[in-house]
Amino acid sequence: MAGTEQQASCNNELVNPIISMGLQYSGILVISHVLQILLKPLGQASPIVQILAGFLMGPSGFSRIKAVEKFFIQSYASGYYEFMALIFRTIIMFLIGLETDFPYLMRNIRPASIIACGSSLACTFFAAAITFLVFQETASHGSAFMMSLMIIITLANAASPIVVRVAADLKFSTSETGRLAISSSLIADAYAVFLLFILSEYKSTSIAKWIFFFFLYFIIVGIVIVINMYLANWLNRRNRNQKYLRNAEIFVLIAILYVAAMALEHLGFSSIIASFLIGSMFPRGGKAARTLLIKLTYPIHNFIFPIYFGNHGFRANVTKLKNLRNFMVFCILILSSIGGKIVGTLAACFHLKIPYREGVLLAFMMNLKGHVDMLALTIGLTDDLVLSLNFYDVMIATIIVNTLIWGPIVAFMVRRESDIIGYRQIHFESQNPESELRILACVHSPRPVATMLGLVAASRGPRDVPITPYLMHLVELPGKKKTNLMYNQREEDELSDEDDYGGNDVVEINDAVDMFASETGLLVHRIKAVSPFSRMHADICNNAEDIRASIVILPFHKHQRIDGKLENGKQGIRTTNQKVLRHAPCSVAILIDRGLTAGSLNPSGSDSLQHIAILFFGGPDDREALGFSKRLGMDHHVNLTIIRFLPASSRGQIAGVNIAHKTDDVLMAISNDEVEKEADNAVLTEFHNRYVVTGQVGYVEKVVESGAETASALRDMAEMYSLFIVGKDGRGHSVLTTGMSDWEECPELGKVGDFLASPEFDISGSVLVVQQYRPSKYEDDDDDDKQ
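As the structure is a computational prediction, the values presented were derived from the model and not from experiment.

Enquirer: Describe the overall build of the protein, and please don't skip the residues or the numbers.
Expert: Scanning the protein for helices and strands turns up 27 helices and twelve strands. The 787 residues of the protein split such that 56% are buried. If you take every contact in the protein between residues at least 6 apart in sequence, the share linking residues at least 24 apart comes to 82%. As presented, the protein carries roughly 34400 Å² of accessible surface, and 59% of it is formed by carbon and sulfur atoms.

Okay, structure coming up:
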């Protein structure tokens, strides 16, 4: 009988922690999603809401009820929670590594390191200053040095998962401030993990052993990175005709990650930084990385993040702060944390000449906690480094309450400082061609992909100029088909979900992008939008704003047939282009792909010289086209020529750039009563001095009397160039284009662009029509959908 009771008790202990953990996680998920619905309209980021959900469910909230506390808080269940936390931490940091813009991190390693070091070192000094006071007031026993290490880790740590999610939810993760905050938090995490290793291996006083362990650490990480490289490339070749990898293949890749993580944990290392490095070094091109991103993003964002952050909030117990001494220590820790972050971060920003307001926001972002610091306190408690539950409770409460305080403040600051971190469009005519270029290229089918990618490659300019291209696959969401068949009576090919929209086009587009990436080394981010044509423009504009695109490139609604003629495609494509031109938050270009130059336009894949012409008539759109072409002119595979059209009335006058005299005193004819003409001349003067005089770009002037002569001049150069670039609208009713609109078919291309795309203009070169960003004063209405 006693044996039966003992066995039942043993089984009860084995089952209860699992049941209570499952129900706790379920409760956190439900509460976090409810709070998300309530608080997201107020601008709160999801990690803060998830921590709050766990906080409300923990001993500070519902678990104050005895029955709830007895069920959820079990002393022998801690091992289960720590194991699950390890599982979650590993996959979270791997995904962060996959999503991180590693080239940006390497380009900005100096400013990110200075900010991370400034904030971490200041917090280190603050922590060292208050250690003795905390040690005394919490009645701690054990090593004061170990306590100091835990306080340093707590104050200096910046929880990178929270920083990443807060920046993404508040839609400034692609801004310079957001990316700098994410990069700095990752470096601060590395500092905290290094201190964590000292904390966990303090008994190993042998320096040789520490050096051996560090050497072994990098060996294991390096081996996994190399294995992933070869395995991913093999899987990409093996699944050439499939959209994604199979589930079994994904399991193998994840299993390798967890084997390495467990090995490092067994050696006494935290696997946090290792998981991030393995993810960031994973081969980005191909189906392997694409499948991992798609398969991991949804469950991690919707299930693992709420549980991981919610469990942190669950562990906080603010009832322990009723004691005056504990409350005093709590206040000192909160003030020391924000004081150290502000002092260190602002000092670093002052050194880097970062504006004060951005520095304050960076300091608050770096003060978000709840990652390595929680692990450090757990190690300190389980290894009996500091024999004081009082200290542990106060520190956990400090971490959680600190994040719950500063998270909403960060959200408030982001809304308030939208002028410095918001989406600011800079016209190409005034943009430095060596600054980062962010392109959103859209396609409806695989047909224009090659030309789009060739244009992206040509826009890259010098190889040291950063470029972040996105390729957006636009898929029409078909209307509901009426049928009398039941679900189980339909054919197999009639059953599909949103992931299947696009059919084989997805495979062809992915293959073209993967081949492009392997040839050029340029990573193209892919986006897929499935929506009806009536709302497709909103998806394009929203994505352009989210990624802070410099320009959106759209495909023309006509495509080239085998005989070379342009054939009308779906009318919805044209309507989408018209709406994007009106509502886009940045410059927009429409690409008329002639097909014959689709392969040859890729300068990075060929040593042939591509001839590109810029047709300049004047006006803001032509100036924007000229500014965009600066980047093309810097590519050594491109021969760029500016063709400026001038009215016959300028004959005998100094109306254009006198290329016969390449001196610094280039004279331009400036009419005081024509502001646009003055702007045209100013832009051309600067362009001529910088690019034409040096021989990088050619310059030609065409003097015409009417639109008919302009059309004739364009026909004469039809076969000379593989790409024509022109602005959408000139300077109003110009004599240069008079009469060209008589046969206008596509007004969204402008007079010249419409002529170049017309059947009467028989050329083999593609055409890019550029429109400068202009604030939209239109709203969607019923008329939009009727166009």
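Still more ground to cover, so stick around.
Enquirer: Which residues make up helix H15 (residues 356-366), and what values do they have?
Expert: With nine of eleven residues buried, H15 lies mostly within the body of the structure. Within the span of H15, buried status applies to Glu358, Gly359, Val360, Leu361, Leu362, Ala363, Phe364, Met365 and Met366. Close packing links the buried residues of H15 with helix H6 (109-137), helix H8 (160-169), helix H9 (176-200), helix H14 (324-352), helix H17 (389-416) and helix H18 (418-421).

Enquirer: Can you break down the nonpolar core residue by residue, with the values?
Expert: Residues Ile91, Ile151 and Met365 are the most contacted members of the largest nonpolar core, which totals 132 residues. Sorting elements by how many residues they give to this core places H17 first, with 15 residues. Residues Ala544, Ala584, Ala713 and Leu736 belong to the second largest nonpolar core, which totals 51 residues.

Enquirer: How would you sum up the environment of Asp189? Please name residues and give values.
Expert: Relative to the assigned elements, Asp189 resides in helix H9. Assessed through its relative accessible area of 0%, Asp189 is described here as buried. Placed 29 residues apart in sequence, Asp189 and Ser160 show a C-alpha to C-alpha distance of 6.9 Å.

Enquirer: Can you break down unusual backbone geometry residue by residue, with the values?
Expert: Although it is not a glycine, Lys353 sits at a positive phi angle of roughly 60°. Exposure remark for Lys353: the relative accessible area of 73% places this residue in the exposed category. Here the phi dihedral of Arg548 falls at roughly 55°; this positive angle occurs in a residue that is not glycine. With respect to the helices and strands, Arg548 occurs in the loop between helix H21 (533-547) and strand S4 (551-555).

Enquirer: I'd love a proper account of the pairing of strand S9 (residues 638-647), names of residues and values included.
Expert: In terms of burial, S9 is largely enclosed, as eight of its ten residues are buried. Alignment of strand S8 (residues 610-616) against S9, held across seven bridges, turns out to be parallel. Following the sheet pairing, His611 is matched in S9 by Asn639. In this fold, S8 hands off to helix H23 (residues 620-633), which returns the chain to S9; that crossover is right-handed.

Enquirer: Just give me the short version of the state of the cysteines, but keep the residues and values in it.
Expert: Enumeration according to the criterion identifies zero disulfides in this entry. Here Cys586 stays unpaired: no disulfide links it, and the sulfur of Cys541, its closest cysteine neighbor, is 8.0 Å away.

Enquirer: I'd love a proper account of the sheet that holds strand S1 (residues 437-443), names of residues and values included.
Expert: Across the sheet, ten strands lie side by side as S3-S2-S1-S4-S7-S12-S11-S8-S9-S10; this open sheet has mixed pairing. Single-partner strands in this sheet number two, and they are strand S3 (525-531) and strand S10 (697-704). Direction aside, the axes of adjacent strands within the sheet are offset by 20° on average. Taken strand by strand, H23 contacts S1, S4, strand S7 (587-592), S8, S9, strand S11 (723-727) and strand S12 (766-771), and its axis lies near 145° from that of S11. Helix-sheet contacts for helix H24 (residues 675-692) involve S8, S9 and S10, and the interaxial angle to S10 is about 140°.

Enquirer: I'd love a proper account of the packing of helix H7 (residues 144-156) against H14, names of residues and values included.
Expert: As a packed pair, H7 and H14 sit with axes 9 Å apart at the nearest point and diverge in direction by 60°. Considered as vectors, H7 and H14 are oriented oblique to each other. Relative to H14, the crossing made by H7 is right-handed. Contacts between H7 and H14 involve Ile151, Leu155 and Ala156 from the former and Leu333, Ser336, Ser337 and Lys341 from the latter. Looking at the contact of H7 with H14, its residues break down into four nonpolar, two polar and one charged.

Enquirer: Quick one: what's the story with the environment of Met328, residue by residue and with numbers?
Expert: Mapped onto the fold, Met328 is located in helix H14. Considered as a pair, Met328 and Glu137 are 191 residues apart in the sequence and their alpha carbons are 8.7 Å apart.

Enquirer: So what's going on with the packing of aromatic side chains? Which residues, and what values?
Expert: For the structure shown, the criterion picks out 18 aromatic pairs. An angle of 40° between the planes, with centres 4.9 Å apart, marks the rings of Phe687 and Tyr691 as tilted. Taken together, the residues span about one helical turn, with Phe687 and Tyr691 both in helix H24 at a distance of four residues. Under the relative-accessibility criterion, Phe687 is labelled buried at 1%. Each member of the aromatic cluster is reached from another via a ring pair, and the members are Phe194, Phe197, Phe214, Tyr217, Phe218 and Phe269.

Enquirer: Break down a nonpolar patch on the surface for me, with residues and values.
Expert: Taken together, the side chains of Leu121, Phe125, Phe126 and Val343 make up a nonpolar region of the molecular surface, amounting to roughly 390 Å² of accessible area. Residue contributions to the nonpolar patch peak at three residues, all from H6. Structurally, Val343 can be placed in helix H14. The class of Val343 is partly exposed, set by a relative accessible area of 47%.

Enquirer: Quick rundown of the environment of Gly79? Include the residues and the values.
Expert: Inspection of the secondary structure assignment puts Gly79 in helix H4 (residues 78-99). Along the backbone, Gly79 and Pro17 are 62 residues apart, and their C-alpha atoms lie at a distance of 9.5 Å.

Enquirer: With reference to specific residues and values, describe helix H11 (residues 247-266).
Expert: Here H11 is 20 residues long and its end C-alpha atoms lie 28 Å apart, about the 28 Å a rise of 1.5 Å per residue gives. Those residues of H11 that sit buried are Glu249, Ile250, Leu253, Ile254, Ile256, Leu257, Tyr258, Ala260, Ala261 and Leu264. Of the residues one or two after H11, Gly268 is the one with positive phi, at around 100°.

Quick notes on the rules
- Residues numbered from 1 in each chain as written.
- Predicted model: local features only at pLDDT ≥ 70, side-chain atom pairs only at ≥ 80, totals over all residues.
- Heavy atoms only, no water.
- Helix = DSSP H or I, 4+ residues; strand = E, 2+ residues; numbered from the N terminus.
- Buried < 20%, exposed > 50% of the residue type's maximum accessible area, 1.4 Å probe, protein only.
- Contact = heavy atoms within 4.5 Å.
- Areas by Shrake-Rupley, 256 points an atom, 1.4 Å probe, with all protein chains shown as cover.
- Core = buried A, V, L, I, M, F, W, Y, C linked by side-chain atoms within 4.5 Å.
- Pairing = 2+ DSSP bridges.
- Right-handed = clockwise from strand over helix to strand, strands pointing away.
- Disulfide = S-S within 2.5 Å.
- Axes fitted to C-alpha atoms, helices over the stretch in contact; angles between N-to-C directions.
- Parallel < 35°, antiparallel > 145°, perpendicular 65-115°, else oblique.
- Left-handed = near helix turned anticlockwise from the far one by under 90°.
- Nonpolar A, V, L, I, M, F, W, Y, C, P; charged D, E, K, R; others polar.
- Phe/Tyr/Trp six-rings, centres within 6.5 Å; stacked < 30°, edge-to-face > 60°.
- Patch = residues over 30% accessible without salt bridge, like charges linked within 9 Å, V, L, I, M, F, W, Y side chains within 5 Å.
- Salt bridge = Lys/Arg side-chain N within 4 Å of Asp/Glu carboxyl O.
- Expected span 1.5 Å × (residues − 1).

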